[in-house]
Amino acid sequence: GSADTKTIAESAKAQADNAKLQLDLSQRPWIEPEHESSVRLTLDNGRWNATLNSTLRNHGESVALNIGGWTEMFPLHKDRQFGPAKARQQQWCDANRHPQPGFVTGYILFPKATQPIPTTIGIGQNDISDDIIGLVIVGCVHYRASYDAPERPTRQTRFSYMLSTRSDGANMGVPRSTNPTTF
């Protein structure tokens, strides 16, 4: 009867949805940001700046379109740890999950290809206090698959890296002079 037809239709839809998901997982682009392991800080107009030499790598099987991103450096406080940095990361990345319709920007990255992305990040000298135990970089890369529907939220890779901490739990020697420092 009609109950059997409905059950068969629901089962067929579930199988089609599962096949679509499996196809996406096997064919989608997978963008990974790779960051250099040492960062040189320089003081410029009261701000500690660093150029982070990153490479975006598409590990996936299809083209990634409209690649963009955001990276920011934060102080790592003894008491708040990653809290402020992770909150800002979530705020920015979530806000950029849904791009404006018709607004196309960013890089295109083919499967297995790489793209160097130098990014200047910094932190104000006034943001450095005695309770700083390190510096952290957070960010995200957002992109679309070539077959994504325009209304689909962008795909994202979020990242966070600790630049430097002191193992003894004491304050980190955050630079207060004008000499460049490498972490």
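Residues numbered from 1 in each chain as written. Predicted model: local features only at pLDDT ≥ 70, side-chain atom pairs only at ≥ 80, totals over all residues. Heavy atoms only, no water.

1. Section: the overall build of the protein chain
Moving on, step 1. For the protein chain, the helix and strand inventory stands at two helices and nine strands.
Moving on, step 2. In the protein chain, the order of α-helices and β-strands from amino to carboxyl end is α-β-β-β-β-α-β-β-β-β-β.
Moving on, step 3. Residues classed as buried in the protein chain amount to 35% of the 183 residues present.
Moving on, step 4. Expressed as a percentage of contacts within the protein chain between residues at least 6 apart in sequence, the contacts between residues at least 24 apart total 77%.
Moving on, step 5. Of the roughly 10700 Å² of accessible surface on the protein chain, a fraction of 52% belongs to carbon and sulfur atoms. (Helix = DSSP H or I, 4+ residues; strand = E, 2+ residues; numbered from the N terminus. Buried < 20%, exposed > 50% of the residue type's maximum accessible area, 1.4 Å probe, protein only. Contact = heavy atoms within 4.5 Å. Areas by Shrake-Rupley, 256 points an atom, 1.4 Å probe, with all protein chains shown as cover.)

2. Re the state of the cysteines
Moving on, step 1. Tallying each qualifying case throughout the model produces one disulfide.
Moving on, step 2. Bridging cysteine 93 to cysteine 140, the disulfide has an S-S length of 2.3 Å. The sign of the S-S torsion, about -120 degrees, decides the handedness of the disulfide formed by cysteine 93 and cysteine 140: left-handed. Note that cysteine 93 is positioned in helix α2 (residues 83-95) and cysteine 140 in strand β7 (residues 132-145), a separation of 47 residues in sequence. In this structure, cysteine 93 and cysteine 140 share a single accessibility class: buried. (Disulfide = S-S within 2.5 Å.)

3. Comments concerning the confidence of the model for the protein chain
Moving on, step 1. Of the residues in the protein chain, 82% reach a pLDDT of 70 or more, and the chain-wide mean stands at 79.
Moving on, step 2. Confidence drops under a pLDDT of 50 for residues 165-183, and excluding neighbours within four residues, the segment shows 52 contacts in the predicted structure. (pLDDT = per-residue confidence, 0-100.)

4. Comments concerning the side chain of histidine 35
Moving on, step 1. Tracing the backbone through its elements, the reader meets histidine 35 in strand β1 (residues 31-35).
Moving on, step 2. At a separation of 2.5 Å, a polar atom in the side chain of histidine 35 contacts the side chain of serine 54.
Moving on, step 3. Setting aside anything within four residues of it in sequence, one finds histidine 35 in contact with Leu52, Asn53, Ser54, Phe159 and Tyr161. (Polar contact = N/O pair within 3.5 Å; in protein donor to acceptor, adjacent residues only side chain to side chain.)

5. Focus: the environment of asparagine 96
Moving on, step 1. Position of asparagine 96 relative to the elements: it lies in the loop between α2 and β5 (107-109).
Moving on, step 2. With a relative accessible area of 27%, asparagine 96 lands in the partly exposed category.
Moving on, step 3. In the structure, asparagine 96 is positioned 44 residues away from cysteine 140 in sequence and 9.7 Å away in space, judged by C-alpha atoms.
Moving on, step 4. Apart from residues lying up to four places away in sequence, asparagine 96 is in contact with His142, Thr154 and Gln156.

6. Re α2
Moving on, step 1. Over its 13 residues, α2 extends 18 Å from the first C-alpha to the last, a length consistent with the 18 Å expected when each residue adds 1.5 Å.
Moving on, step 2. Along α2, the positions that sit buried rather than exposed are Ala85, Gln89, Trp92 and Cys93. The buried residues of α2 occupy an angular sector of 95 degrees when the element is viewed end-on, so they sit on one face. For α2, the exposed residues lying more than 90 degrees away from the buried face are Gln91 and Ala95. (Expected span 1.5 Å × (residues − 1). Arc of directions from axis to C-beta.)

7. Digging into the pairing of strand β2 (residues 40-44)
Moving on, step 1. Direction of pairing for β2 relative to strand β3 (residues 47-58): antiparallel, over a ladder of four bridges. Bridging across to β3, threonine 42 finds its partner in asparagine 49.
Moving on, step 2. Between β2 and β3, which pair antiparallel one after the other, the connecting turn spans two residues, and asparagine 45 there sits at a positive phi close to 55 degrees. (Pairing = 2+ DSSP bridges.)

8. Comments concerning unusual backbone geometry
Moving on, step 1. A positive phi is found at asparagine 45, a non-glycine position, where the angle reads about 55 degrees.
Moving on, step 2. Here asparagine 45 is to be found in the loop between β2 and β3.
Moving on, step 3. Looking at asparagine 45, the relative accessible area reads 78%, which means it is exposed.
Moving on, step 4. Its identity is not glycine, yet lysine 112 carries a phi of approximately 65 degrees, on the positive side.

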